[in-house]
Amino acid sequence: MLRRAFDIVVAATLLVLTSPILLVAIVAIRLETPGHPIYRQRRVGKDGVPFDMLKLRTMVAGAESMGSGLAVNEGDPRITRVGAILRRLSIDELPNLVNVLKGDMAIIGPRPTVPVQVEQYTERQRGRLKVRPGITGWAQVNGRTALPWHERIELDLWYIEHRSWRLDLQILLRTALIVLGGDGLYKGDTGGWRQ
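Computed from a predicted structure; not experimentally measured.

Draft legend 1. Quick peek at the layout of surface pockets. Its volume calculated, the second largest pocket comes out at about 180 Å³. What lines the second largest pocket is a set of 14 residues, among which Arg-3, Asp-7, Ala-106, Ile-108 and Arg-163 lie closest to the centre. When contributions to the lining of the second largest pocket are tallied by element, the ones reaching two or more residues are α1 (2-32), β3 (106-108) and α6 (165-181). Partitioning the lining of the second largest pocket into residue classes produces 6 nonpolar, no polar and 8 charged.

Laid out in structure tokens, this is it:
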């Protein structure tokens, strides 16, 4: 209950504080390319319940059905100029705060993944679904998308087993440093999920 209250207060506060940035980003997206500025993608949440995760659109409309599909790497031609800036500053994730207010996500927890990935989880890996997925988490501050998929899952499982307010504070502080530095935005040669 205390964690949920924390999530609501933080998400609501951040949404109010960042609303001017969100508005400017939405206008910039609309001016650069056609299509809705908010991107919805089906993800899997706590206990395996699916939900639509909200993000600012950083790629051309319909990008999932072009090129390498869900895989995105630095220099991907589907990423718009505005989108590259939004990704670099993690502004594209701000609509996740609405998911937090709705109860689909938390501020801190494993990043939510797409159903096709969850379908391939082992029984142990399904342990990621014991908590609400988060905007940031232990795997996010220990390599982000540059990590191989199985390592990210293990880091998330470690977090769930050791979850504490002290660890959450450490994650928040490290998240701020990572956003400022822009590390781990793209999978590179070692990261990502492979079917």
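Draft legend 2. Seen up close, the pattern of salt bridges. Under the counting rule described, the total for this entry stands at 12 salt bridges. A salt bridge links Arg-124 to Glu-161; the shortest N-O distance between them is 3.7 Å. Of this pair, Arg-124 sits in the loop between α4 (115-118) and β4 (134-136) while Glu-161 is found in helix α5 (residues 149-162), placing the two residues 37 residues apart along the sequence. Using a relative accessible area of 54% as the deciding quantity, one classes Glu-161 as exposed. The partner of Asp-156 in a salt bridge is Arg-128, and the shortest N-O contact between them spans 2.6 Å.

Draft legend 3. Fine view of the nonpolar core. If you look at the biggest cluster of nonpolar residues, it comprises 26 residues, and the most contacted ones within it are Leu-56, Leu-86, Leu-97, Ile-107, Tyr-159 and Ile-171. Here this core takes 5 residues from α1, the largest share from any one element. Apart from residues no more than four positions distant in its own chain, Tyr-159 is found in contact with Arg-3, Ile-108, Gly-109, Trp-138, Leu-167, Asp-168 and Ile-171. Counting residues in each nonpolar core, the second largest holds 7 residues, with Val-44, Val-118, Tyr-121 and Trp-149 among its members.

Draft legend 4. Spatial organisation of the side chain of Asn-99. Examined against the element boundaries, Asn-99 turns out to sit in helix α3 (residues 96-102). By relative accessible area, Asn-99 is classed as buried at 0%. Here Asn-99 is in contact with Phe-51, Asp-52, Met-53, Leu-54, Asp-104 and Met-105, once residues within four sequence places are set aside.

Draft legend 5. Broad picture of the packing of α1 against helix α2 (residues 81-88). Relative to each other, α1 and α2 sit at 150°, their axes nearing to 9 Å. As the angle between them shows, α1 and α2 are arranged roughly antiparallel. In this structure, α1 contributes Ala-25, Ala-28, Ile-29 and Glu-32 to the contact, and α2 contributes Arg-81, Val-82, Gly-83 and Leu-86. For the contact of α1 with α2, the residue count by class is 5 nonpolar, 1 polar and 2 charged.

Draft legend 6. Structural view of the packing of α1 against α6. α6 packs onto α1 with a crossing angle of 20° between their chain directions and a minimal axis gap of 13 Å. On the basis of their axis angle, the class for α1 and α6 is roughly parallel. With respect to the hand of their crossing, α1 and α6 are arranged in right-handed fashion. Residues Leu-2, Arg-3 and Phe-6 of α1 lie in contact with α6, whose contacting residues are Trp-165, Asp-168 and Leu-172. Its residues assigned to classes, the contact of α1 with α6 shows 4 nonpolar, no polar and 2 charged.

Criteria and cut-off values
- Residues numbered from 1 in each chain as written.
- Predicted model: local features only at pLDDT ≥ 70, side-chain atom pairs only at ≥ 80, totals over all residues.
- Heavy atoms only, no water.
- 1 Å grid on protein atoms, 1.4 Å probe; cavity = no way out; pocket = protein on both sides within 12 Å on 5 of 7 lines; lining within 4 Å.
- Points joined across faces, edges and corners; volume = space filled by probe spheres on them.
- Helix = DSSP H or I, 4+ residues; strand = E, 2+ residues; numbered from the N terminus.
- Nonpolar A, V, L, I, M, F, W, Y, C, P; charged D, E, K, R; others polar.
- Salt bridge = Lys/Arg side-chain N within 4 Å of Asp/Glu carboxyl O.
- Buried < 20%, exposed > 50% of the residue type's maximum accessible area, 1.4 Å probe, protein only.
- Core = buried A, V, L, I, M, F, W, Y, C linked by side-chain atoms within 4.5 Å.
- Contact = heavy atoms within 4.5 Å.
- Axes fitted to C-alpha atoms, helices over the stretch in contact; angles between N-to-C directions.
- Parallel < 35°, antiparallel > 145°, perpendicular 65-115°, else oblique.
- Left-handed = near helix turned anticlockwise from the far one by under 90°.

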